[in-house]
Structure formats: C-alpha cells, structure tokens
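Per-entry structural report
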Amino acid sequence: MFKDCQGIPYPVFAKGLVSESEAVNGAIPVGSVYQLKVILEPGSQEPAAGQFYMLHAVRSDVLLGRPISIYNSEIITEGKNSGCVELTFLILLKGEGTRELCSLDKDDVINLIGPCGNRFPMPIVSTDSTAGACKICIVGGGIGVAPVAGFASTLTNVSYDFYASFKSGSYGLENLKAEKLVITTDDGSLGIHGMLPAALTEETLRKENYSAVYACGPIPMLAYVQKICRAAGVKCWLSMEAHMACGVGVCLGCVIDTTEGKKRCCKEGPVFDGDILIFNSVTEVAGIKVQPRREPLAADQEADLSVNIAGVKFANPVIGSSGTFGFGTEYKTLFDVNRLGGISSKGLTLEPRQGNDGIRLHETPSGLMNSIGLQNPGIPHFIKEELPQMLALKPVAIANLSGSSIETYVEGAKLLDATDVPMIELNISCPNVSAGGAAFGMTCVGAESAVRAVRAVTKKPLIVKLTPQSQELVPVALACIKAGADGISLCNSFQGIAIDIERGVPVFDKLKAGFGGPAVRPIAVRLVYEVVEAINKLPEKERVPVIAIGGAATWQDAVEFIMAGASAIQVGTATFANPNAMIEMIDGLAAFMKRKGYRTIEEMRGIIQK
Ligand code: RRO
C-alpha cells in the first residue's frame, strides 16, 4: 500500500477486469453516459472520494488514458473475486478515448493508473449541539455528478442537500441519501426548468446555513458556485477537470490558474479550495479564448458549402487528393463520388511512367509513407482515356501536372490547356523522383520559374502544390503568386525514412519517401495558417485561395483547416481506410455550420487569423 501522511493512496499502474459495462438509465441522449465497473487485482488499495484514474483500454487506437473520477468503490465480499476492490465509473461519451472505454465488454482487461490526485476534505462535524446546523451543500453538473455523488455516498453522520444540474434527463443519483435532492434541467425535462442558478443562489446558501459547498461540473457552473459562495461567506471545494497525459504530476499539462500560481489538476487537485481558483471571463473557457456564441441557423436553413476557387465553383470544399483518388472512377462503386467538391488526378507527366521499384507503401502509427515514383499513364493517354470519365462526374476535375524539367512541364501544360479540364494543379512537390518534382518547389527561384513558364502557356486556373520540405515555404508561396498562381495547395507529403531493422536496410529503394496521414496534420495546419497569414498581407486583388492538404480525415479536421484559413481541403490517406471519409466530412461540416450559425465557408474561414 502506498499512502501519503493523510492516508490518501498514491497511484500505481495496474490491470483491471471489466465486470460490467452498460449505458446508464436516465441520461439523454440515450447511450450518452456509460457505467463501467472494473475489478482491481487482489491486494489493490481503495481510492478516496474525489480521486480519479487514468483509464486506457489495452487494445486502443488513442495514445493516452483518460482521467475518469470514481463514482463508487467497494470491496467485493463474495465469489471468486472476494476481497478485491471493484470501482465504478460514470463515463460521458465525448470523443474517441471515451468511446473506446464505453465499448468495453465484461472480462475485457483495462490499464489503470491510479488512484490519482487528492480527495474531498471531510466536513467538520460539530459535537456541540448549540453550534447550529452543519449541513453541507453538494452540487453536481452533468457528468460532474459522478465524483460528488461518490463523495456523498461516503458521508456518515453528515447531512447534506444535493443539487444536480443536467442539460436533459438525470443519472447517477440513485445512491444518494440527501435531505433534499434538487434537480434542474436546461430543457425542463425533469425538476426545475433552467440551470443551477434557478435552484441555488447566494440567498439559498444563507437561508440553509450550509457550512460548506462541494461541487464538480462545467467551468461556468463552478465559477458561479465560487461567486455565490464568496458573496455568502461559505467555504467551497471545487473539483476541476483538465487535459492531462500522465495523471501523476510529470507532464505538467493539466495546470490551472490559482491565486498561488499554476497548480496541477492531477496532483494538487482535482479538488481545490474554491477561494484560490481563478476563473476567467465568459470569452474564455478554462483559460482558453472562445469565439462569441453564434445562433444556430434556422431549422429550415442549410449552410451553403460551396466555394469559389480561382473563379471555379465547387459544390463543397472537399476534394479527393492527387495520388489517392486515381482518376475519380475507381471509387465509383464504393460511394457516391458525385457528392465531392472536386477530384485531383494522379500526378501526370508528358510521358507514361512505371514509377519506383521496391516497396512502395509503409504504414506507421497514424501515418502512411509512399514511394510510388509518379507512376502514371502519361498526359496524352490521360486526355484520351481518363479525362473524359473525370469530366463526366459532377466534382470539379483537376489535372495534377508534374514534370522533370521546365520544358516537360510546359509541354504537358500546353496539352492540358487544349482540353476542357477546368483546373490545373501544378505539382512542384513530388518527393519521390530524381528529377523535377520537389526540386522546383524547394526554392523561390525554382518555383517562380516553373510557375511563370506554365502560366505563359495556359489561361486555365492554376493551383500550385507546394512541398513542406522547403525551408522558405512562405516566400516560395508568395513567389508562385507573383509568377501567376491562382491558388496554392499545401502540403504535399513530408519526407521520411523507414528502416527494416531485421534486414538492416532502408524500407524504400530510394531511401527517403513521402509521409502523410493524420500524424502530419498539426504541422500542415500551421503551414496553411502561415501561408494564409502572408497572403492576407498582400493587396486584396493579389490574394489567392489556399487548399489545405495533410492528414484531414474527419469533418472536425476540415473545420480546423478552414478556421486556419483554407478555402478547401484535399483528403488523401483517410479515403484508403474509410472510403466514406469525405462524405462524412461534407455531412459533418454542414451539420457543424448549421449548429454554429455559419451560413458560408467564408464566414468561418480564417477566424483564428483575425
Ligand atoms: O507518385 C508519388 O510517389 C508521389 C507524388 Br507524384 C506526390 O506528389 N506525392 C507523393 O507523396 N508521392
């Protein structure tokens, strides 16, 4: 047993066995909150009320465990697990990590780090009968009910009132022995219609003569509890939540602001003396600035997803990325490709090419390396065989033009110029060829000369696809615009090396290979941001749109790129794993814009730039 001098157990790394996992009754929407019971190994210690565990499924697609508060803990008294600790957690389905935890089945094994953090201080019970009431007040908001309900169930000889606030419905209140249980719901589905202030105010605190308040819930609710407690002169203990990686105080990711400086939620918390917590204004949540609230679009109004790129109208901003979508028809039987905004062809050269020898694909955690080497049927073949099929589809057809020299780029551009293809994407960023490709995109001089030469032979809208490998990416982008680019797409794949450690050789014949997929997304978002930031400084008539490329897989990723300043998003690797990824992206984008009141992509575009 590891405990500190106050008897609070220290965390250990352990395996637990799931004994029960089911959706809780009463939560709305149904299935949004799960109850997970986990049996710890024999000899494990019981946690104290207020502590939490980092929970991580053994087979998991997320990197880190998720901090989940204890709802209940007890020692099993019968059966083969007699003497073992059984923990109960209530888990709100929020993202991938919690979805995994909620999908666990009985007898699944789970990794736990815990119990973590401090505990709720026990109320002081007065033995002096003349001292008056010492009833405490317990407040839970949403999933924050779990730790405070867990705390309430450990109280003996202490009377308490319990205030529970939910958006809709209620859960987690079954074991309470409150003198008074007050429920509020935002939608009026249960109890008092409204939020916590509809039931608990400074006056209530005074009238009920509470000796202390214990609360856990959303930040605005805790800020309110702090405010009324201060006004009424009542002590409050607030259980806080923060993003964390380790749970044991080393990652320093979960700090929150207090009058005594930054404190770690996992170590000095999660329960804090309410007096020391600093809550910021309504334009911030947990220290993070937020955009002013927007009204959703009317029920009968849909967001307009269409975008105009270099004079070409796209029905929506989602484009199948070059090299991952062939010529548009290959995916036709897998999903409705006509719903896409655009399709960029495989990189094309004047002459047909066989591409590279050896291994061409290599998967990494969250990424895909490739060394295809510009295999393509050649532009004349493309024009005769593939382009007509691309043009017959609804999405805007984009011809991705590559070459090994200025001359071959120019000859290819001339051929494409004579077709009906509505847009050319000039690829000066292929990482996998010995001549041309990324060599042009690395420097301003190289990029400018390629763009100028191609611009001279075609009036078609010209998007230039850049490499993230350039040390001067922003100047390269500006040089392309100066030379006549109508838009920029970035970024092509990053360069990486993979090694076959058993054979002691590089995985790829050409040693280096292109690297893309979700792993690169945050870097791509930064590069898009920086290029858009530079473009925004140009005179208005010289500004061009930016198409983001780099690991986008979900609608949330698309929103992120648009908020960084992109006008559209190309999706590559994600389609291989989930052919529906782009459809889900379009639908999710529309739903998000409706919910957030964005009528057009332009209204949302670049909002973090402003
Ligand atoms: O064919 C390729 O190896 C390739 C190309 Br053309 C490109 O532009 N980007 C990439 O990652 N691979």
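Bear in mind the structure is a predicted one, so any value in this text is a computation, not a measurement. Along each chain, numbering runs from 1 in the same order as the chain's sequence is written. In view of the model being predicted, local features appear only for residues whose pLDDT reaches at least 70, and side-chain atom pairs are presented and counted only at 80 or more, with totals across whole chains, interfaces and linings using the full set of residues. Remark: hydrogens and water are excluded; side-chain values derive from all non-hydrogen atoms of the structure.

**What to know about the packing of aromatic side chains**
What counts is decided by this rule: Each Phe, Tyr or Trp ring (for Trp, its six-membered ring) is paired with any other whose centre lies within 6.5 Å, and the angle between the two planes then decides the class: stacked below 30 degrees, edge-to-face above 60, tilted in between. Going along the chain from the N terminus, every DSSP run of H or I of four or more residues is numbered as a helix, and every run of E of two or more is numbered as a strand. Counting as a charge over the ring demands two things of the Lys NZ or Arg CZ atom: a distance within 6 Å of the ring centre and an angle within 35 degrees of the ring normal.
Evaluation of the coordinates by the stated rule reveals 13 aromatic pairs. Arranged with centres 4.7 Å apart and planes meeting at 35°, the rings of F151 and Y214 form a pair that is tilted. A residue pair is termed long-range when its members are at least 10 positions apart, and F151 in helix α2 (residues 145-152) and Y214 in strand β12 (residues 212-216) qualify at 63 residues. Both rings, one in F325 and one in Y331, keep their centres 5.0 Å apart while their planes meet at 15°; by these two values the pair is stacked. The ring of W237 has K235 lying over it, and the distance from NZ or CZ to the ring centre is 5.3 Å.

**Quick word on the pattern of salt bridges**
Selection criterion: Whenever a carboxyl oxygen of Asp or Glu lies within 4 Å of a side-chain nitrogen of Lys or Arg, that contact is scored as a salt bridge. Each residue's exposure class comes from its accessible area (1.4 Å probe, protein chains only) as a fraction of the maximum for that residue type: buried when under 20%, exposed when over 50%, partly exposed otherwise.
Inspection of every chain in the model, using the stated rule, returns 27 salt bridges. Between K235 and D273 there is a salt bridge, with its nearest N and O atoms 2.7 Å apart. Remark: D273 occurs in strand β16 (residues 271-273) and K235 occurs in strand β13 (residues 235-239); sequence separation between them is 38 residues. K235 gets classed as partly exposed once you look at its relative accessible area, which sits at 31%.

**Concerning the state of the cysteines**
The criterion, for reference: By convention in this document, the label disulfide applies to cysteine sulfur atom pairs within 2.5 Å.
All chains considered together, the criterion is met by 0 disulfides. Here C430 is not disulfide-linked; the sulfur of C491 is the nearest cysteine sulfur, at 14 Å. Overall, the relative accessible area of 8% leaves C430 in the buried class. With no disulfide of its own, C480 has C444 as its nearest cysteine by sulfur position, at a separation of 8.2 Å. According to the relative accessible area criterion, C480 is buried, its value standing at 0%.

**Here's the deal with the site of the ligand**
Put simply, the test is: We call a residue near a given molecule or strand whenever any one of its heavy atoms falls within 4 Å of it. Whenever a nitrogen or oxygen atom comes within 3.5 Å of another N or O atom, the pair is scored as a polar contact, on the condition that within protein one atom can donate a hydrogen and the other can accept it, and that pairs from neighbouring residues in sequence are kept only if both atoms are in side chains. Here the Shrake-Rupley method, with its probe set to 1.4 Å, supplies the accessible areas, and only the displayed protein chains count as covering residues. Residues were grouped as follows: Ala, Val, Leu, Ile, Met, Phe, Trp, Tyr, Cys and Pro as nonpolar; Asp, Glu, Lys and Arg as charged; and all remaining residues, including Gly, as polar.
Neighbouring the ligand are K346, N370, I372, G373, L374, N427, C430, P431, N432, N492 and S493. Note that an oxygen atom of the ligand is positioned 2.8 Å from one of the backbone N or O atoms of G373. In this structure, an oxygen atom belonging to the ligand sits 2.9 Å away from a side-chain N or O atom of N427. Burial of the ligand by the protein amounts to 92% of the accessible area it has alone, namely 310 Å². Classifying every residue of the shell around the ligand by side-chain character gives 4 nonpolar, 6 polar and 1 charged.

**Regarding helix α6 (residues 406-417)**
Selection criterion: A helix's residues, less one, multiplied by 1.5 Å, set its expected span.
The end-to-end C-alpha distance of α6, which contains 12 residues, comes to 16 Å, matching closely the 16 Å that a straight helix rising 1.5 Å per residue would cover. By the burial criterion, the buried members of α6 are T408, Y409, V410, G412, A413 and L416.

**Comments concerning the nonpolar core**
The nonpolar side chains of a soluble globular protein tend to be buried, and buried together. Applicable threshold: The nonpolar core is taken to be a set of buried Ala, Val, Leu, Ile, Met, Phe, Trp, Tyr and Cys residues, with the residues joined through side-chain atoms within 4.5 Å. Any two residues having at least one pair of non-hydrogen atoms within 4.5 Å are treated as being in contact.
I428, L466, C480, I488 and L490 are the most contacted members of the largest nonpolar core, which totals 94 residues. Counting residues per element, this core draws most heavily on helix α13 (residues 581-596), which supplies 8 residues. Filtering out sequence-adjacent residues up to four positions away, C480 remains in contact with I428, A447, V451, V464, L466, A485 and I488. Formed by 34 residues, the second largest nonpolar core is a distinct cluster that contains Y210, A215, I276 and F279.

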